[in-house]
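These are the residues of each chain, in order.
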Amino acid sequence: QVAKAPITHFSKATGATDTSRQDNDSMEPEICMLELGGTLGDIESMPFVEALRQLQEKVGYKNMCFVHVSLVPVLGSPISEQKTKPTQHSVKMMMQLGLRPDFLCCRGKEMLEDGVRKKLALFTSVPEQAIISLHDVSNIYRVPLMMVEQNLCGMLAQRLRLPKYRRQGLKYNAVPDLCELKNSKLFREWTQLANSVDQPENDCTIAMVGKYCNQGDAYLSVVKALTHASIATKQKLKIEFIDSSELEGGKEETMSRLLKCDGMVVPGGFGSRGFEGKINAIRKAREEKIPFLGICLGMQAAVIEYARSFGNMPAAHSAEFQKNLTEGKDDVVIFMPEGDRKRMGGTMRLGARETILRDESLVRKLYGHERIMERHRHRYEVNPIYTSKLEKLGLKFVGKNTDSSGERMEVIELDNDVHPYFVGAQFHPEFTSRPEKPNPLFLGLLKTVKKQKGFDVSS
């Protein structure tokens, strides 16, 4: 019974016929990748290990293979030695649980030595050619290049019997580079991307103003989106995490750190703690003309700050944090009308939604399209009764959603003659950013930062 739920889910997934893709590619996917994290033998992962074993029984050995990632530590000084025992034991545990690895991806500081590879092949029964060295490199984007250099793609294609590449009569560890990726446009472009990370033209520091700064991966998606944009603009990115709670008490040291940054991002969040600090940070970004991007709650905070500063609305606030706001006077951000405050769970506005961008707006130029699809995750929205007033005062609502749920204020911006880059989005642009195609809002932010440093950003 322990694996009943996971295997039921996997069984449904493998029998599904929906092959739609978000990138509108007409090609049907040929491979499904599943990642099981954690450590083999931990009780948390046991149901999923068993589910994978049953899944291979269901789809067949020829249609499913296992790639095991393991650490090969380097010990000893001054003479160092690569130790294989951790990998030997993890493979042994894997086999005891009914799984047998077809490939080993060995992490370590240095390239895997030939003798170590042979030893691993002997004690794990994984072919020597199928043991891949994933040693430390200058940046993470070189890791796929290492895999291609060691023919992992060709061996995977043969192991999974992909019709386009399969060679009859050859074991999967004995095939040449069937996919010929080294001569492909994809390989050349990815190599250029990896090289550009190591060859930045300038440094840039972006302030991340939030309240989860002590948790390293709380804003990981936003950090990655900024990284993608920094690669495209050939800049070396540094993230300065600013605890918004410290900006509420007038802590000069924290404000000084903020003002030294080249740009600012105020990401999403929940709860009232640190909200006034975000308001203070946004006011400084607007007054000091620091390039600014607000996401979800960050966009709502920007609207509230503008209403307080220019709309003669000193008590303007969000209904999420202030429950007794005067309707039609202070309630700049409200609970969505179709929402249900009593029902627990499933009350968020989630998923991809269409946004219509205004002609000649900055964001429209960044995206290059009138209609865009971005992902959402919120319960509160900007109150539409204030948009006309704020528009007349200079805050432009250039992106709106007009689906069956009603009109939503999706994107705000200030004119270029007022501020070099002041943009807010109700959606989460970080979720659609990719290394080779950064999201336009992050790209626009980083381009503005580089332009302010005196560099050419026309390319």
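To keep things clear, this report deals only with the structure shown in the data block. (Residues numbered from 1 in each chain as written. Predicted model: local features only at pLDDT ≥ 70, side-chain atom pairs only at ≥ 80, totals over all residues. Heavy atoms only, no water.)

1. Re the pairing of strand β4 (residues 103-108)
Going by this rule: Under the scheme applied here, a residue whose accessible area is under 20% of the maximum for its type counts as buried, over 50% as exposed, and between as partly exposed, the area being computed with a 1.4 Å probe on protein chains only. Counting from the N terminus, the helices are DSSP H or I runs at least four residues long and the strands are E runs at least two residues long. Two strands pair if DSSP finds at least two bridges between them. By the criterion used throughout, a crossover qualifies as right-handed when its path from the first strand across the helix to the second strand runs clockwise, the strands pointing away from the viewer.
Across the 6 residues of β4, 5 count as buried, placing the element largely inside the fold. For strand β1 (residues 67-71) and β4, the ladder comprises 5 bridges, and the chain directions are parallel. Residue pairing for β4: L71 is matched across the bridge by R107. Here β4 runs beside strand β5 (residues 131-135); their pairing, made up of 5 bridges, is parallel. Note that in β5 the partner of R107 across the bridge is L134. In terms of handedness, the path from β4 via helix α4 (residues 114-124) over to β5 forms a crossover that is right-handed.

2. Looking at the side chain of D243
Heads up, the rule is: Only four residue types enter the charge count: Lys and Arg as positive, Asp and Glu as negative, with His and the chain ends excluded. Salt bridges are counted wherever a side-chain nitrogen of Lys or Arg sits within 4 Å of a carboxyl oxygen of Asp or Glu. Counting of polar contacts relies on pairs of N or O atoms within 3.5 Å, with two restrictions inside protein: one atom must be capable of donating a hydrogen and the other of accepting it, and residues adjacent in sequence are counted only when both atoms are side-chain atoms. In this description, contact between two residues means that some pair of their heavy atoms is separated by no more than 4.5 Å.
Tracing the sequence through the fold places D243 in strand β7 (residues 235-243). Look at D243: it is buried, it has no salt bridge, and the nearest opposite charge is R273 at 4.6 Å. A polar side-chain atom of D243 sits 3.0 Å from the main-chain amide nitrogen of S245. Beyond its immediate chain neighbours, meaning those up to four positions away, D243 contacts G210, K211, C213 and T254.

3. Notes on the packing of helix α3 (residues 85-96) against α4
Defined as follows: In this description, a line fitted to the C-alpha atoms serves as the axis of each element, helices being fitted only across the stretch in contact, and the angle between N-to-C directions of two axes falls anywhere from 0 to 180 degrees. For classification, angles of less than 35 degrees are called roughly parallel, those exceeding 145 degrees roughly antiparallel, those between 65 and 115 degrees roughly perpendicular, and all remaining angles oblique. Crossings are classed by handedness, with left-handed meaning an anticlockwise turn of the near helix from the far one by less than a right angle and right-handed meaning a clockwise turn.
Contact geometry of α3 with α4 gives a least axis separation of 10 Å together with a crossing angle of 25°. Judged by the inter-axis angle, α3 sits roughly parallel to α4. Considering only the axes of α3 and α4, their crossing is right-handed. Residues T87, Q88, V91 and M95 of α3 touch α4, and the partners they reach there are K119, L120, F123 and T124.

4. What about the sheet that holds strand β14 (residues 380-382)?
Across the sheet, 3 strands lie side by side as β10-β11-β14; this open sheet has mixed pairing. Edge positions in the open sheet fall to β10 (317-318) and β14, since each of these has one partner strand only. Alignment of strand β11 (residues 331-335) against β14, held across 3 bridges, turns out to be antiparallel. From the neighbouring strand, V333 faces β14, where its bridge partner is V382. Helix α11 (residues 297-310) rests against β10, β11 and β14 of the sheet, and its axis sits at about 150° to β11.

5. Here we look at the nonpolar core
Which entries qualify depends on this criterion: As used in this record, nonpolar core signifies buried Ala, Val, Leu, Ile, Met, Phe, Trp, Tyr and Cys residues forming a set joined through side-chain atoms within 4.5 Å.
Counting residues in each nonpolar core, the largest one holds 41 residues, and the members touching the most others are V209, L258 and M264. Going through the elements one at a time, β6 (202-210), α9 (252-259), β8 (263-266), α10 (275-287), α11, β11, β14 and β16 (406-413) are the ones with two or more residues in this core. Ignoring sequence-local partners within four residues, the contact set of L258 consists of A207, V209, I242, L247, M264 and A281. Counting 30 residues, the second largest nonpolar core, distinct from the first, contains C204, L362, Y421 and L441.

6. Re the environment of S361
Note on placement: S361 falls in the loop between β12 (349-357) and α12 (362-367). Classification of S361 as buried rests on a relative accessible area of 3%. As for S361 and G294, which are separated by 67 residues in sequence, their C-alpha atoms are 17 Å apart. If near-sequence neighbours (up to four positions away) are discounted, S361 is found in contact with V398 and E413. At a separation of 3.1 Å, a polar atom in the side chain of S361 contacts the main-chain amide nitrogen of R364.

7. Brief notes about the pattern of salt bridges
Summed over all chains, the structure comprises 21 salt bridges. Two residues, R142 and D198, come together in a salt bridge whose shortest N-O distance is 2.8 Å. With a gap of 56 residues between them, R142 in the loop between β5 and α5 (143-149) and D198 in helix α7 (residues 185-198) connect regions that are remote in the sequence. E240 is the partner of R257 in a salt bridge, and the nearest nitrogen-oxygen pair spans 2.9 Å.

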